[in-house]
Amino acid sequence: MNRFRVRVSSLLIAAVAGAGFAPAARAQDRPPSLWFQGTRLILEHAVEMQGDLAVSTRDAGMRRFLDRLGAVVSFQPQQRYVVITAQDRRTIVFTLGDPGYTVAGVRAQAPFAALPDGNDVVLPFYTLARALYVEPVPGPGEIVLQPRIGALDVRTEAGRTLVTVRGAMPLLTNTTAEAPDRIQLAFVGLGSSLAPSRRIPGAAVDSIDVAVGGSSRVPTTTITIGGVRGATHRVLPSGSPDAYTVVFESRGVAAAGAAPPPPPGGFATPPPDNPAGSGIPLAAPTAAPPNVAGRATVTDVAIEPAPNDAVVVRVALSAAAAYDWHRLNDNRWYVDFHETTLNGPGRDEHPSFGAVSSVRVRQQGSSDSPSVRVAFTLSGEQRIDLTPSESGLLITVAQESATDLARTGSGRTGGAPVVASAASPDPSDATAWKFGAATNPKLIVIDPGHGGGDSGTAHNGLVEKTLTLDIAQRLKALLVAQGWTVRMTRETDIDPLSADLLAKMHTDGKPNADDRAYLQTRCDVANNAGARLFISIHINSAPNDTARGTTVYWYKPQDASLAQAIEKNLVALAGTQDDGTRHENFYVVRHTSMPAVLVETAFVTNLGDVALLRQPSFLQSVAQGIANGVKAYAGSPAANTLSIQQ
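Residues numbered from 1 in each chain as written. Predicted model: local features only at pLDDT ≥ 70, side-chain atom pairs only at ≥ 80, totals over all residues. Heavy atoms only, no water.

K.L.:
Where do I start with the overall build of the protein chain in this structure?
P.N.:
Across its full length, the protein chain holds eleven helices and 42 strands. Excluding contacts between residues fewer than 6 apart, the proportion of contacts in the protein chain whose partners are at least 24 apart in sequence is 63%. Here the protein chain has roughly 25800 Å² of accessible surface; of this, 53% comes from carbon and sulfur atoms. (Helix = DSSP H or I, 4+ residues; strand = E, 2+ residues; numbered from the N terminus. Contact = heavy atoms within 4.5 Å. Areas by Shrake-Rupley, 256 points an atom, 1.4 Å probe, with all protein chains shown as cover.)

Shown next as structure tokens:
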């Protein structure tokens, strides 16, 4: 028995004894016989504990299991959080000493808390497996770790219904199309605990039936999807090997245009809602994230006339919520309610009274950090009064215009509003960064470079826009685990663009209007929110195949120390060649009002870097290195104030 086994065994026995349990000798010396993907999974040391197995992430069997699932563990000894990123980019977060854990932001309870093990951590193995869509199935003298179909997502939009199947492993599918309005999918090697039958009224799909056959070691799940009379179906390309999407279209819809392809991960997302004339950065309308204890829900938004031709908007909330609001420089104003979900679809209203031409309500953010935005387009610089209450927020828009208006503020329903700043930078001003302030000191904005029609660089089978989004999503999970609030300039394969900004820049007489508008839209996400930091992620290329390594670019004096911290930590963890930090006039670091950097992580034109970029573990190391650099530069979110480090 080696020193590692003795140390972990002692740790686990002490933890179990402290909880009032005593592990049996059999559990320590002869762990259960585990089978996974047709082979025996041998754990070096596992202790039965409250119906689960306590296993260290150092364990070679644990590492093999996670590698087969494409999952990556991130843990730093000085942190309390353990982040596991699944192949479909969901995050599972355990907290040392707390039996509670989250899966994609949804909280659940484990049989016991995660335990420290030096530079590693002991986790409840079965709990982690289930979060990765693998079900421990007991049998005679063995436990089969059965990969399963983990989710069946159904979305209906504009006469189309998209059905996305997600599994623990890459999906091997035998497809039988019995008719245009019916398809049968057989997933070999995957079990299921989905409901055997679903009916979907009002959609292009009438029914979904699920049947499981085969054995516990080699199961087969068959999903039969039946459309309404006259519907047709087609399979959409998926951005992830463990997702499979079929779209059904009712009669007449197919001729109207193609359904939007699902972004990486297999989810269908409508195109961004940024109509001409609005310009406020609104996210695409999405289904509300699941309700979670402690989150508020916007239950109603009522728009009413008031005396003196004012407009009153009553936002009703199920619980208290923090909010911040921002006034932009072209008669636009919006308020974001944080950790809040929207009860129902988004809305677009055009009042026929007062000085408000439109009110738009949208679900924003992600499942682990949702927010609801209420955005106004005004006829001028109208005065806006906020009255928080126990039941929500009352927003009053006066008819008269005013001068010297506050530009941003924050508050909480049930408390008094706070004005944080009386000025905001003009996004068209090249020197705007000089006058910025971090009015939201716990917010970091991540910018995954390129997206949509702009693929960035592409060589050796790798595409920049896909890699930057992958790294950004991993980085977001790590920063959230550190306690930061995180927003991304794009969550899917789009290139965000403000139509208002595009029109404005086409008339300002300056060159490259399209490029400036695309880049400034990204900057505005951070500038308008008063973010603490801005990090833009890119993949490099060169005319020759010898250039390689990592470079961190900065422009403003306040950027330099952030760039140095990220460079030092990223290179140390990812193992790339250190190309240093460089002062460069890149648009997104010049036009952001907070410390900002642009990270060129590696080269798609160098075969050595390409081999790294193809490994999920390397992408995770890049994300962890950037997160470590943020911590070295800014400390913890709680330590930040409204000032920015110069």
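Having seen the structure, we can now continue with the description.
K.L.:
It is not clear to me how the pairing of strand E22 (residues 243-249) should be interpreted in this structure. Could you clarify?
P.N.:
Counting buried residues in E22 gives seven out of seven residues, a clear majority hidden from the surface. For strand E14 (residues 160-167) and E22, the ladder comprises seven bridges, and the chain directions are antiparallel. Bridging from a neighbouring strand, Arg160 pairs with Glu249 of E22. In terms of strand pairing, strand E21 (residues 232-236) meets E22 through five bridges, oriented antiparallel. Bridged to Thr232 within E22 is Glu249. (Buried < 20%, exposed > 50% of the residue type's maximum accessible area, 1.4 Å probe, protein only. Pairing = 2+ DSSP bridges.)

K.L.:
So what exactly am I meant to see when it comes to the packing of aromatic side chains here?
P.N.:
The description of an aromatic ring pair rests on the distance of the ring centres and on the angle between the ring planes. The full count for this structure, using the stated rule, is nine aromatic pairs. Arranged with centres 5.1 Å apart and planes meeting at 15 degrees, the rings of Phe94 and Tyr101 form a pair that is stacked. Judged by relative accessible area, Tyr101 falls into the buried class, the value being 10%. Where Tyr323 meets Phe337, the ring centres are 6.0 Å apart and the plane angle is 55 degrees; that geometry is what we call tilted. You can see Tyr323 sitting in strand E25 (residues 322-327) and its partner Phe337 sitting in strand E26 (residues 332-338), a full 14 residues away along the chain. Taken together through their ring pairs, the aromatic side chains of Phe36, Phe65, Phe125 and Tyr126 make up a single cluster. We note Arg217 situated over the ring of Trp35; from NZ or CZ to the ring centre the distance is 3.9 Å. (Phe/Tyr/Trp six-rings, centres within 6.5 Å; stacked < 30°, edge-to-face > 60°. Lys NZ or Arg CZ within 6 Å of the ring centre and 35° of its normal.)

K.L.:
Would you mind going over the sheet that holds strand E5 (residues 72-74) with me for this structure?
P.N.:
Each strand in a sheet pairs with another by means of backbone hydrogen bonds, the pair being arranged parallel or else antiparallel. Strand order in this open sheet of five strands is E5-E6-E7-E8-E9, and the pairing throughout is antiparallel. Each of the sheet's edge strands pairs with one partner strand only, and the pair in question is E5 and strand E9 (106-109). Ignoring strand direction, the axes of neighbouring strands in this sheet form an average angle of 20 degrees. One ladder, built from four bridges, connects strand E7 (residues 91-95) with strand E8 (residues 98-103); its direction is antiparallel. Looking at the pairing, Phe94 lines up with Tyr101 of E8. Across the sheet, helix H11 (residues 616-634) lies against E5 and strand E6 (81-85), angled at about 20 degrees from E5, the strand it touches most. (Axes fitted to C-alpha atoms, helices over the stretch in contact; angles between N-to-C directions.)

K.L.:
Even after reading the chapter, I still don't get the pairing of strand E31 (residues 382-389), so can you show me in this structure?
P.N.:
A regular strand carries its side chains on alternate faces of the sheet. Side chains Gln382, Ile384, Leu386 and Pro388 project from E31 onto a buried face, and the interleaved Arg383, Asp385, Thr387 and Ser389 project onto a face without burial. Of the pairings in the sheet, the one linking E31 to strand E32 (residues 392-401) comprises seven bridges and is antiparallel in character. Note on E32: the bridge partner recorded for Leu386 is Ile395. Linking E31 back to E32 in an antiparallel pair, the connection comprises two residues.

K.L.:
Mind showing me how you'd approach unusual backbone geometry here?
P.N.:
In most cases, non-glycine residues show a negative phi, while peptide bonds are predominantly trans. The phi dihedral of Gln50 falls on the positive side, at around 50 degrees, and the residue is not glycine. Position of Gln50 relative to the elements: it lies in the loop between strand E3 (47-49) and strand E4 (52-56). We classify Gln50 as partly exposed; its relative accessible area is 37%. The phi dihedral of Glu339 falls on the positive side, at around 50 degrees, and the residue is not glycine. Residue placement: Glu339 occurs in the loop between E26 and strand E27 (340-342). Here Glu339 falls in the partly exposed class, since its relative accessible area comes to 34%.

K.L.:
Looking at this structure, I do not really get the environment of Arg347. What am I missing?
P.N.:
Mapped onto the fold, Arg347 is located in strand E28 (residues 347-349). Put simply, Arg347 and Arg360 are 13 residues apart on the chain and 5.6 Å apart in space, counted from C-alpha to C-alpha. If sequence neighbours within four positions are ignored, Arg347 has contacts with Asp300, Val301, Val359, Arg360, Val361 and Arg362.

K.L.:
Explanation requested: the pattern of salt bridges in the structure shown.
P.N.:
Charged atoms that come close allow side chains of opposite charge to pair. One pass over the structure, following the stated rule, counts 20 salt bridges. Ionic pairing is found between Arg217 and Glu142, a salt bridge with its closest N-O pair at 2.6 Å. In this pair, Arg217 is assigned in the loop between strand E19 (205-214) and strand E20 (219-227) and Glu142 in strand E13 (residues 142-157), connecting sequence segments 75 residues apart. Judged by its relative accessible area of 38%, Arg217 is partly exposed. By relative accessible area, Glu142 is classed as buried at 18%. A salt bridge links Glu249 to Arg234; the shortest N-O distance between them is 2.8 Å. In this pair, Glu249 is assigned in strand E22 and Arg234 in strand E21, connecting sequence segments 15 residues apart. Judged by relative accessible area, which is 30%, Arg234 ranks as partly exposed. (Salt bridge = Lys/Arg side-chain N within 4 Å of Asp/Glu carboxyl O.)

K.L.:
Sorry, what's going on with the nonpolar core here?
P.N.:
In globular proteins that are soluble, nonpolar side chains generally tend to be buried together. Within the largest apolar cluster, 59 residues are counted, with the highest numbers of intra-cluster contacts made by Phe65 and Phe125. The contact partners of Phe125, leaving out residues within four places of it in the chain, are Leu34, Leu41, Asp52, Leu53, Val55, Met62, Phe65 and Leu145. In this structure, Leu462, Leu467, Phe618 and Tyr633 belong to the second largest nonpolar core, which totals 45 residues. (Core = buried A, V, L, I, M, F, W, Y, C linked by side-chain atoms within 4.5 Å.)

K.L.:
Just checking my understanding: could you explain the packing of helix H5 (residues 464-482) against H11 for this structure?
P.N.:
Geometrically, a packed helix pair is captured by the angle between its two axes and the distance between the axes. Packing of H5 against H11 leaves a shortest axis separation of 9 Å and a crossing angle of 45 degrees. The pairing of H5 with H11 is recorded here as oblique in orientation. Considering only the axes of H5 and H11, their crossing is right-handed. Contacts between H5 and H11 involve Leu467, Asp470, Ile471, Arg474, Leu475, Leu478, Leu479 and Gln482 from the first element and Pro616, Leu619, Gln620, Val622, Ala623, Gln624, Ile626, Ala627, Val630 and Lys631 from the second. The class makeup of the residues in the contact of H5 with H11 is twelve nonpolar, three polar and three charged. (Parallel < 35°, antiparallel > 145°, perpendicular 65-115°, else oblique. Left-handed = near helix turned anticlockwise from the far one by under 90°. Nonpolar A, V, L, I, M, F, W, Y, C, P; charged D, E, K, R; others polar.)

K.L.:
What is the right way to look at helix H7 (residues 513-529) in this model?
P.N.:
Helical periodicity: at 3.6 residues per turn, an α-helix aligns residues three or four positions apart in one direction. The first and last C-alpha atoms of H7 sit 24 Å apart over 17 residues, in line with the 24 Å expected at 1.5 Å per residue. Gly530, located one to two residues past H7, shows a positive phi value of around 65 degrees. (Expected span 1.5 Å × (residues − 1).)

K.L.:
Please clarify how the sheet that holds E32 should be interpreted in this entry.
P.N.:
With respect to topology, five strands assemble into an open sheet ordered E27-E23-E24-E32-E31, the strand pairing being mixed. Across the chains shown, the open sheet's two edge strands, defined by having one partner strand only, are E27 and E31. Strand-to-strand, the axes of this sheet are offset by a mean angle of 30 degrees, without reference to chain direction. Relative to E27, strand E23 (residues 296-306) runs parallel, the two sharing three bridges.

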